[in-house]
Amino acid sequence: MLTTTTQYNKLSITMTSKPMQTSKDIQNLDPQALTLDSLIDAQVAFMQQWLRKQAEPLSIEAWHWLGAQPLSKYVSADDLQRLINDWLLNHPLSDVLRKDIRDILHTVIYHPVNDNMPLSELIDDTQVEILAGYVGSHDEQRNILIHTLVGNDTFADLLTQTLYHAINDFMENTLDKAGGVGKLMKLGRSSFEKATNKNLDEKLQTYLHRNIKDLTRRAEVNAQAHLSNEEVARLIVTGWARIKEQPISEIQTYLRNEPNDSSIDHIEASIQQSYNRLRLSPYLHSLVAASVDTWYSNHQSDTIATVATSLHIDEQAIMQLSTTLLPIINDALESPWVTAHIREMLQAFYAQPNIKDGLVFSDD
């Protein structure tokens, strides 16, 4: 330590420059040969050495202190709102992050482990049973399911077209093989269309469509009347039982993996589009604001340690993090920019008038 006139005898210091002292040289300093620069260099080395040794216990003590502070002392609901809005919602996903999402999705979906892993690894039987019980015990949901499966107009239209093409193909093939009778029937068809001013194909499609829709409506009514809640639940569980042992890689059959036509690219682009639309939506901002207010009102009186514990961040986690970060801390302490800042701080300290005036410097 450098002495002042109020505490120790004055020390004569020569203002000459010498190479910086290292931590190994601290104990070998000759007090009579000290210069201001060499003293500062020795103090810099001492501080760096001390901080390296104390980095881990200091981090734990800092965590103890920080953890004991109330959340509301340093963080407000408005702070959280600004953090979410400025850091998250105000920015689109970066190109780098989007590429990472695509690459990770591709790795996960096409990983070889999926070939030997059944779907039941993703969804437990009890989850399906709970869902089936919920759907089966709610008449409205059950009727929606039956309507989707049986009374759907799209399904009726598809069935109409399928039957029409089947009948048309049958008639064409039959007439072609019927010789003169076939030609006579074709002539009769042509005469019918001219006489009625109606296309027979359109007439057939209209007839099928009207009758099939009527049949699907009747089937839906019968299903809703006769399929009990238990039966609907059983159908769901049975359907799951048929597919649950299939490998997860079966999902790949529903995806395209071509360089210029990748389903993963389409999925990621859809996520990006939805995110960009929602993050700028007043609707999402309102929900985020309400959610933050709810969370903050529940935890504002908690200590930071209590909040951290809910995220599984405890003293053991801090110790592990501290151990992981120690090499970074040590390298930072030895870095030129930290060394320069410590030296500047000490130089500013000794340049203070009340310190400088208490020192005696020789002119040698």
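Look a little higher up for the structure.
In what follows, the accompanying structure is described. Computed from a predicted model, the values in this text were never measured in an experiment.

**A closer look at the packing of helix α4 (residues 95-109) against helix α11 (residues 263-279)**
Step number 1: The geometry of α4 relative to α11 is characterised by a closest axis approach of 10 Å and an angle of 135° between their N-to-C directions. Classed by the angle they form, the pair α4 and α11 counts as oblique. Every pair of crossing elements has a handedness; the one defined by α4 and α11 is right-handed. In contact with Arg 98, Ile 101, Arg 102, Leu 105, His 106 and Ile 109 of α4, α11 contributes Ile 264, Asp 265, Glu 268, Ala 269 and Gln 272.
Step number 2: Residues belonging to the contact of α4 with α11 are distributed by class as follows: 5 nonpolar, 2 polar and 4 charged.

**Focus: the pattern of salt bridges**
Step number 1: Under the definition given, this model contains 10 salt bridges.
Step number 2: The closest approach of N and O atoms between Asp 103 and Lys 99, which form a salt bridge, is 2.7 Å. Taken together, the residues Asp 103 and Lys 99, both in helix α4 and 4 residues apart, mark about one turn of the helix.
Step number 3: For Arg 256, the salt bridge identified is with Asp 261, shortest N-O distance 2.9 Å.
Step number 4: Judged by its relative accessible area of 45%, Arg 256 falls in the partly exposed class.

**Thoughts on the side chain of Gln 43**
Step number 1: Relative to the helices and strands, Gln 43 resides in helix α1 (residues 36-67).
Step number 2: A relative accessible area of 17% places Gln 43 in the buried class.
Step number 3: What Gln 43 contacts, discounting residues up to four positions off in sequence, is Leu 346 and Tyr 350.

**Observations regarding the packing of helix α3 (residues 77-89) against helix α12 (residues 282-299)**
Step number 1: With their axes 9 Å apart at the nearest point, α3 and α12 run at an angle of 140° to one another. Judged by the sense of rotation from one axis to the other, the crossing of α3 with α12 is right-handed. Across from Ala 77, Leu 80, Gln 81, Ile 84, Asn 85 and Leu 89 in α3, the residues of α12 making contact are Leu 284, His 285, Val 288, Ala 289, Val 292, Asp 293, Trp 295 and Tyr 296.
Step number 2: Here the residues of the contact of α3 with α12 are counted per class, giving 10 nonpolar, 3 polar and 1 charged.

Quick notes on the rules
Each chain carries its own residue numbering, running from 1 in the direction its sequence is written. In view of the model being predicted, local features appear only for residues whose pLDDT reaches at least 70, and side-chain atom pairs are presented and counted only at 80 or more, with totals across whole chains, interfaces and linings using the full set of residues. Only hydrogens and water are set aside; all other atoms, that is, all heavy atoms of the structure, feed into the side-chain values. To obtain each axis, a line is fitted to C-alpha atoms, and for helices this fit is confined to the stretch in contact; angles are then taken between N-to-C directions over 0 to 180 degrees. Only DSSP runs of H or I reaching four residues or more are called helices, and only runs of E reaching two or more are called strands; each is numbered from the N terminus. Geometric relationships in this document are graded by angle, where less than 35 degrees denotes roughly parallel, more than 145 denotes roughly antiparallel, 65 to 115 denotes roughly perpendicular, and other angles denote oblique. Handedness of a crossing follows from how the near helix is turned relative to the far one, being left-handed for an anticlockwise turn of less than a right angle and right-handed for a clockwise one. By definition in these notes, contact holds between two residues if any of their heavy atoms fall within 4.5 Å. Classification convention: Asp, Glu, Lys, Arg as charged; Ala, Val, Leu, Ile, Met, Phe, Trp, Tyr, Cys, Pro as nonpolar; all other residues, Gly among them, as polar. Here a salt bridge means any side-chain nitrogen of Lys or Arg lying within 4 Å of a carboxyl oxygen belonging to Asp or Glu. In this scheme, a residue with accessible area under 20% of its type's maximum is buried, one over 50% is exposed, and one in between is partly exposed, where area comes from a 1.4 Å probe on protein chains only.

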